[in-house]
Amino acid sequence: MESSDVELDLQRSVQAVLRELSTQAPALQSNQGMWRWSLHKKVERDPGKSPVLVRILLRELEKAESQDLRHVIIPLLHTVMYVLTKATGITEELYQRIYAFCTRLLTLPTPYCTVALDCAIRLKTEMAVPGTLYQRMVIAEQNLTNELYPYQERVFLFVDPELVSASVCSALLLEIEAAQAQQTPETCMRHVVSHALQAALGEACHAGALHRKLQASPRRTLEHYFHAVVAALEQMASEASPSREGHVERLEEIYCSLLGPAAGRCGGDLVQERPPSIPLPSPYITFHLWTGKELVLFLRPRSQLRLSADLEVLDLQGLRPDRELARVSVLSTDSGIERDLPTGADELPAPGSPEMERAGLQRKGGIKKRAWPLDFLMPGSWDGPPGLHRRTGRPSGDGEMLPGVSRLHTARVLVLGDDRMLGRLAQAYHRLRKRETQKFCLTPRLSLQLYYIPVLAPEPAASRQPELGELATFLGRVDPWYQSNVNTLCPAIHKLAEMPPSLDTSRTVDPFILDVITYYIRMGTQPIYFQIYTVKIFFSDLSQDPTEDIFLIELKVKIQDSKFPKDGFSPRRRGVAEGPGAELSLCYQKALLSHRPREVTVSLRATGLILKAIPASDTEVSGSSHCPLPAAPVTDHTCLNVNVTEVVKSSNLAGKSFSTVTNTFRTNNIQIQSRDQRLLTLSLDKDDQRTFRDVVRFEVAPCPEPCSGAQKSKAPWLNLHGQQEVEAIKAKPKPLLMPINTFSGIVQ
């Protein structure tokens, strides 16, 4: 195919992706997500098309900037960055133009500036040392052991068999196993070596001969060259001003050593042929059936859900004392005179030295205390500020939260299901955060990322899909690229489940669903934070203790037909007219534009009510004009939308009649009590397994961070004024927010 034909074909594919973002035509919705996938497959099968595609995408980005078509900027940025991660032979001029475009986007509001900064950091790394992004991604995702880049990731895919059919579970498991059967560690190391050499040497690298040589090399030889290439790239990337020429010379030495003196500039001529494709292996994914306590299992050092052997040997039951953090009581022999100090007294001895061992043995019965900074006592600060949630160039969550403790591991938890599954995930997430307040051991070492793919009931139950896909609808509304790539997977997953399974894993396949999951896991770096709400429930049986639970999406209240005895919790008042529903007393704090609290108490007769935590329209997403916002910009997600079906009594010549009207208001917290003999039934997150009957009163409020009330006891170094400051924070605890990763966050 001629170059003009190649460019025309790629241009048509890019325009199809853009039309998909700009229209809601039913004919295009059936193919949503397929255009982006086929575009990436074209350059994966023929890597020589990558520079042409990058140039086309850059041209569309500059056009969108000049015409202010912001809705396509983030999808195009993700597309071009995904191509650049896998591509070789991209000119420095193209890199510079894309980098300059990203820097211009930094003046735009979020999420555009956030995504642009993420891309600019990665581009700067790739321009300095070509091939770094590919190498780091493969090493981390495939858990290839290397001292210079020790970061590792693992994807945990959870499916609840009660909510997703067995055929869907089996189909997903077979597709994952079929794809990963071809991804051995040796294959991944070959890809890393081949990609690094081609990215650095360009046309001087004889890709066909290199591919054959690597295929014929034994594992020991392959590991030798793999570590040599990784060392060359990582050492160059760590330099303040890396030299491109020096990097090329070093990799050329490795290349000549691998192919012999007949390679490249080392002498001789090899027949140049079409370079073979270097795929980007899909991440290592483990498939699990949800039982409700999976997230807590990460805290177990010898859990079967461990990320790697390195994580297993970590002391997850508590951080070992660090020189900077531990305070050791010893008998002082310091005279206070500087000249009496021995030589080198102000230098700390090396770890494991006899001096350190003796210092540890000098402690006599004191209480060793660990001085945690105040920020680390607040779990809300663990994930960093929303928006700049991921430092790029490394797996998300890298860096040191505590001195000497690096977050080398990333657990990407992907859940499939409907709104009920998200409610159960919120329960597990809440348990995990409570566990962390008792043993602050997981978060400093492990970055936890949450992802969600909606899998709703098939077509026969289509009438229930909008009800059970409320959060997925919201995510697709605020992030068009999520709608195009993730929300469209549900029909494809059901089609895969209906297909007969293929047990032949030897043939090469293009697994569409796995590829889209991989794309979402890699490029979905911007979280949207959702407020978790706590509900305290009181029952008609006074011998039954009140219970507490949490919900993420909705709380539904129904009126039971049964009544509790007159000597029960709240006897019916005299003079209350009988009618449908129940007499309810509502006490809530009204959300005002001034952010000033205003208590409202009202009594009314209602047949039911629903408390919604998810915004129902775009106007509510664009900004919270009524609800006070927490420190994190989570827009409208800290307000409850309460819909009350009120009974209205009217009198006419025919007698008394009753009608219903729906009243809606917004609040941060609410208390509801049945004033007559009618009992209530509560349903949390549309889950039949989370239903409470015989309820007479309940209270709903934003769920606080589990450690918010335990700060004073953990800050012994503060003075009286500092303790008063901590008590003030304790009086207004931070809300517990659950992040779900998307491609862009909330697009205004």
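Residues numbered from 1 in each chain as written. Predicted model: local features only at pLDDT ≥ 70, side-chain atom pairs only at ≥ 80, totals over all residues. Heavy atoms only, no water.

Undergrad: I would appreciate a short explanation of the overall build of the chain in the present structure.
TA: Per the secondary structure count, the chain includes 23 helices and 19 strands. When the 748 residues of the chain are sorted by exposure, 53% land in the buried category. Here the analysis covers contacts within the chain between residues at least 6 apart in sequence; of these, 79% occur between residues at least 24 apart. Total accessible area on the chain is roughly 34800 Å²; 52% of this is exposed by carbon and sulfur atoms. (Helix = DSSP H or I, 4+ residues; strand = E, 2+ residues; numbered from the N terminus. Buried < 20%, exposed > 50% of the residue type's maximum accessible area, 1.4 Å probe, protein only. Contact = heavy atoms within 4.5 Å. Areas by Shrake-Rupley, 256 points an atom, 1.4 Å probe, with all protein chains shown as cover.)

Undergrad: What is the right way to read the pattern of salt bridges from this model?
TA: Here the idea is simple: oppositely charged side chains can pair when their charged atoms come close. By the definition in use, this model includes 31 salt bridges. Of the charged contacts in the structure, one is a salt bridge between Asp-68 and Arg-70, with a shortest N-O distance of 3.1 Å. The closest approach of N and O atoms between Arg-424 and Asp-160, which form a salt bridge, is 2.4 Å. Residue Arg-424 is located in helix α16 (residues 419–438), and its partner Asp-160 is located in the loop between β1 (152–159) and α9 (166–180); the two are separated by 264 residues in the primary sequence. Exposure class is identical for Arg-424 and Asp-160. Each is buried. (Salt bridge = Lys/Arg side-chain N within 4 Å of Asp/Glu carboxyl O.)

Undergrad: Help me out: how do you make sense of the sheet that holds strand β2 (residues 285–289) in this one?
TA: Neighbouring strands of a sheet are bound in pairs by backbone hydrogen bonds; such pairs are parallel or else antiparallel. Taken in spatial order, the four strands make up an open sheet running β2-β1-β7-β8, and their pairing is parallel. The sheet is open, and its two edges are formed by β2 and β8 (446–454), each paired on a single side. Pairwise comparison of adjacent strand axes, ignoring direction, gives a mean angle of 25 degrees for this sheet. Two strands pair when backbone bridges link them, and β1 and β2 are joined in this way by five bridges, in the parallel orientation. Along β2, the bridge assignment pairs Leu-157 with Phe-287. (Pairing = 2+ DSSP bridges. Axes fitted to C-alpha atoms, helices over the stretch in contact; angles between N-to-C directions.)

Undergrad: Any chance you could explain the environment of Pro-546 here in plain terms?
TA: Secondary-structure assignment places Pro-546 in the loop between β10 (533–539) and β11 (547–551). A residue is classified by how much of its surface remains accessible, and Pro-546, at 42% relative accessible area, is partly exposed. When near neighbours in sequence (up to four residues on either side) are disregarded, Pro-546 contacts Lys-536, Ile-537 and Phe-538.

Undergrad: Explanation requested: the packing of aromatic side chains in the structure shown.
TA: For any pair of aromatic rings, the description consists of the separation of the ring centres together with the inter-plane angle of the planes. Using the criterion set out here, one finds eleven aromatic pairs in the structure. Each ring, one from Tyr-520 and one from Phe-743, has its centre 5.6 Å from the other, and the planes form 50 degrees; the classification is tilted. A residue pair is termed long-range when its members are at least 10 positions apart, and Tyr-520 in helix α21 (residues 512–523) and Phe-743 in the segment after β19 (737–742) qualify at 223 residues. The exposure classification of Tyr-520 matches that of Phe-743, with both residues buried. Judged by centre distance (5.6 Å) and plane angle (20 degrees), the rings of Tyr-533 and Phe-551 are stacked. Taken together, the positions of Tyr-533 in strand β10 and Phe-551 in strand β11 put the pair 18 residues apart, joining distant regions of the chain. As far as burial versus exposure is concerned, Tyr-533 and Phe-551 are alike and both buried. Each residue in the set Tyr-82, Tyr-451, Tyr-482, Tyr-519, Tyr-520 and Phe-743 is aromatic and connected to the rest through ring pairs, giving one cluster. Seen from the ring of Tyr-112, Arg-70 lies directly overhead, with NZ or CZ sitting 5.8 Å from the centre. (Phe/Tyr/Trp six-rings, centres within 6.5 Å; stacked < 30°, edge-to-face > 60°. Lys NZ or Arg CZ within 6 Å of the ring centre and 35° of its normal.)

Undergrad: What is the right way to read the pairing of strand β14 (residues 598–612) from this model?
TA: On any regular strand, side chains alternate: one points to one face of the sheet, the next to the other face. Bridging between strand β13 (residues 582–590) and β14 involves nine bridges; their strand directions are antiparallel. Residue Leu-584 lies in a different strand from β14, and its bridge partner there is Leu-604.

Undergrad: Hey, could you run me through the pairing of strand β18 (residues 691–702) in this one?
TA: The sheet contact formed by β10 and β18 spans seven bridges and is antiparallel. Bridge pairing in β18 links Ile-537 to Phe-698. With three bridges connecting them, strand β17 (residues 678–684) and β18 associate as antiparallel partners. Residue pairing in the sheet places Leu-680 in a bridge with Val-695 of β18. A loop of six residues connects β17 with β18, the two strands running antiparallel in sequence, and Asp-685 in this loop sits at a positive phi of about 50 degrees.

Undergrad: Explanation requested: the packing of helix α20 (residues 489–498) against α21 in the structure shown.
TA: Geometry of a packed helix pair, given as the angle between the helix axes and the separation of the axes. Contact geometry for α20 and α21: axes closest at 10 Å, N-to-C directions at 145 degrees. For α20 against α21, the interelement crossing comes out left-handed. Residues Leu-489, Ala-492, Ile-493 and Leu-496 of α20 lie in contact with α21, whose contacting residues are Phe-512, Ile-513, Val-516 and Ile-517. Within the contact of α20 with α21, the residues separate by chemical class into eight nonpolar, no polar and no charged. (Left-handed = near helix turned anticlockwise from the far one by under 90°. Nonpolar A, V, L, I, M, F, W, Y, C, P; charged D, E, K, R; others polar.)

Undergrad: Just to check I follow, could you spell out unusual backbone geometry for this structure?
TA: Outside of glycine, negative phi angles account for most residues, and trans bonds account for most peptide bonds. Of note, the amide linkage connecting Thr-110 to Pro-111 takes the cis form, showing an omega dihedral of 5 degrees. In this fold, Pro-111 is placed in the loop between α6 (92–105) and α7 (112–128). In this structure, Asp-68 takes a positive phi of about 60 degrees despite not being glycine. Inspection of the secondary structure assignment puts Asp-68 in the loop between α4 (50–66) and α5 (73–86). Positive phi, close to 50 degrees, is recorded for Asp-685, a residue that is not glycine.

Undergrad: Got a minute to help me understand the packing of helix α8 (residues 132–142) against helix α12 (residues 219–238) in this structure?
TA: Relative orientation of the contacting elements α8 and α12 amounts to 120 degrees, with a least axis distance of 11 Å. Overall, the two elements α8 and α12 adopt an arrangement that is oblique. The crossing of α8 and α12 is left-handed. From α8, Thr-132, Gln-135, Arg-136 and Ile-139 reach across to α12, where they touch Phe-226, Val-229, Val-230, Leu-233, Glu-234 and Ala-237. (Parallel < 35°, antiparallel > 145°, perpendicular 65-115°, else oblique.)

Undergrad: For this particular structure, what's the right way to read the confidence of the model for the chain?
TA: In low-pLDDT segments, the atomic positions of the prediction should not be examined closely. Averaged over all residues, the pLDDT of the chain is 77; the fraction at 70 or higher stands at 69%. Segment residues 568–572 is flagged for pLDDT under 50; beyond a separation of four residues in sequence, or across chains, it makes 18 contacts in the model. Low confidence marks residues 725–730, where pLDDT is under 50. Its contacts with residues over four positions away, or in another chain, come to nine contacts. (pLDDT = per-residue confidence, 0-100.)

Undergrad: Explanation requested: α4 in the structure shown.
TA: Every α-helix carries 3.6 residues per turn, so stepping three or four residues along brings you back to the same face. With 17 residues, α4 ought to run about 24 Å at 1.5 Å a step, and its terminal C-alpha atoms sit 24 Å apart, in line with that. The complete set of buried residues in α4 reads Ser-50, Leu-53, Val-54, Ile-56, Leu-57, Leu-58, Glu-60, Leu-61 and Ala-64. In this structure, the buried residues of α4 make contact with α1 (3–22), α3 (34–45), α5 and α6. Phi for Asp-68, located one or two positions after α4, is positive at around 60 degrees. (Expected span 1.5 Å × (residues − 1).)

Undergrad: What am I meant to see in the environment of Leu-425 here?
TA: Relative to the helices and strands, Leu-425 resides in helix α16. Classification of Leu-425 as buried rests on a relative accessible area of 1%. Sequence spacing of Leu-425 and Val-413 is twelve residues, and the spatial spacing of their C-alpha atoms is 10.0 Å.

Undergrad: Which parts of the structure should I look at to understand α3?
TA: With twelve residues, α3 should reach 16 Å at 1.5 Å per residue; the first-to-last C-alpha distance of 16 Å fits that figure. Those residues of α3 not exposed but buried are Arg-36, Trp-37, Leu-39, His-40, Lys-41 and Val-43. The inward-facing, buried residues of α3 abut α1, α4, α5, α19 (480–485) and α21.

Undergrad: It is not clear to me how the side chain of Arg-424 should be interpreted in this structure. Could you clarify?
TA: Its relative accessible area of 9% is what places Arg-424 among the buried residues. Engagement of the side chain of Arg-424 in a polar contact is seen with the side chain of Glu-162, the distance being 3.4 Å. Discounting residues that sit within four places of it in the chain, Arg-424 has contacts with Asp-160, Glu-162, Leu-163, Trp-290, Asp-687, Gln-689 and Arg-690. (Polar contact = N/O pair within 3.5 Å; in protein donor to acceptor, adjacent residues only side chain to side chain.)

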